[in-house]
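# Structural overview for review
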Amino acid sequence: MENYFEIVKTAVKAIDSKRGLDIEVIKVDDITVLTDYFVIASASSNTQLKAIADEIEYKLSEQGIEPHHIEGKTSEWICMDYTGVVIHILLGKGRDFYQIERLWEDGEKIDIDEFIIKE
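First, a word on scope: everything that follows refers to the structure included in this document.

Here the focus is the pairing of strand S5 (residues 85-91). If a strand is regular, its side chains alternate between the two faces of the sheet. Burial of S5 is extensive: seven of the seven residues sit out of reach of the surface. A two-sided burial pattern is seen for S5, the buried positions comprising Val-85, Ile-87, Ile-89 and Leu-91 on one face and Val-86, His-88 and Leu-90 on the other. Summarising the sheet, strand S2 (residues 37-43) and S5 pair through seven bridges and their orientation is parallel. In the strand pairing of S5, Ile-40 is matched with His-88. Judged from the five bridges that link them, strand S4 (residues 77-81) and S5 form a sheet pairing that is antiparallel. Across the sheet, the residue bridging to Trp-77 is Leu-90, located in S5. Following S4, the chain reverses through three residues before pairing antiparallel with S5; Thr-83 in that reversal takes a positive phi of roughly 65°.

Under the counting rule described, the total for this entry stands at ten salt bridges. The closest approach of N and O atoms between Lys-9 and Glu-6, which form a salt bridge, is 3.1 Å. A residue pair is termed a helical-turn pair when its members lie 3 or 4 positions apart in one helix, as Lys-9 and Glu-6 do in helix H1 (residues 4-17) at three residues. Here Glu-6 falls in the partly exposed class, since its relative accessible area comes to 35%. One salt bridge in this structure joins Lys-73 and Asp-54, with 3.2 Å as the shortest N-O distance.

It is worth spelling out the packing of H1 against helix H2 (residues 46-62) at this point. Interhelical geometry of H1 versus H2 gives an angle of 140° and a closest axis separation of 9 Å. It follows that H1 is oblique to H2 by the angle criterion. Between H1 and H2 lies a crossing whose hand is right-handed. Of the residues in H2, those touching H1 at Ile-7, Thr-10, Ala-11, Ala-14, Ile-15 and Ser-17 are Ile-52, Glu-55, Ile-56, Lys-59 and Leu-60.

Cut-offs and rules
Starting from 1, residues in each chain are numbered consecutively following that chain's sequence as written. Note on the predicted model: pLDDT of at least 70 is required for a residue's local features to be given, and 80 or more for side-chain atom pairs to be given and counted; whole-chain, interface and lining totals, by contrast, use all residues. The basis for the side-chain values is all heavy atoms of the structure; hydrogens and waters are excluded. The buried label applies to any residue whose accessible area, calculated with a 1.4 Å probe on protein chains only, is under 20% of its type's maximum; exposed applies above 50%, and partly exposed to all values in between. Strands here mean DSSP runs of E at least two residues long; helices mean DSSP runs of H or I at least four residues long; both are numbered from the N terminus. Being paired, for any two strands, means DSSP has found at least two bridges between them. A pairing counts as a salt bridge when a side-chain nitrogen of Lys or Arg comes within 4 Å of a carboxyl oxygen of Asp or Glu. Every axis in this analysis is a line fitted to C-alpha atoms, fitted for helices over the stretch in contact. Angles between the N-to-C directions lie between 0 and 180 degrees. Each angle gets one of four labels, with under 35 degrees taken as roughly parallel, over 145 as roughly antiparallel, 65 to 115 as roughly perpendicular, and the rest as oblique. Crossings are assigned a handedness: left-handed for a near helix turned anticlockwise from the far helix by less than a right angle, right-handed for a clockwise turn. Contacts: residue pairs with any heavy atoms within 4.5 Å of one another.

Following this line, the structure appears as structure tokens:
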């Protein structure tokens, strides 16, 4: 079993490096058996969406961590399943529409300020 929080940190840093927007991490291990963490971020274009997903996959692969499954590589919502960490990257309008954070609002919101670069 991987250290899921290390996957979260790597994913957040990868999203930030590609200028992903509104990054949120929600710890849900106490309220669901689906996963331990959700990482949710927005992209402003399809090109950025794919670049973010590719960067996450590349950085985690460098650490020997491969996804269980990736869905939506040709759509406006990419879901990357790393078993204990599920990463959702959506275009802004899709994120506004689906409001994934609201579905998991009973989870613990994780402070990620130390993992992102301040400008």
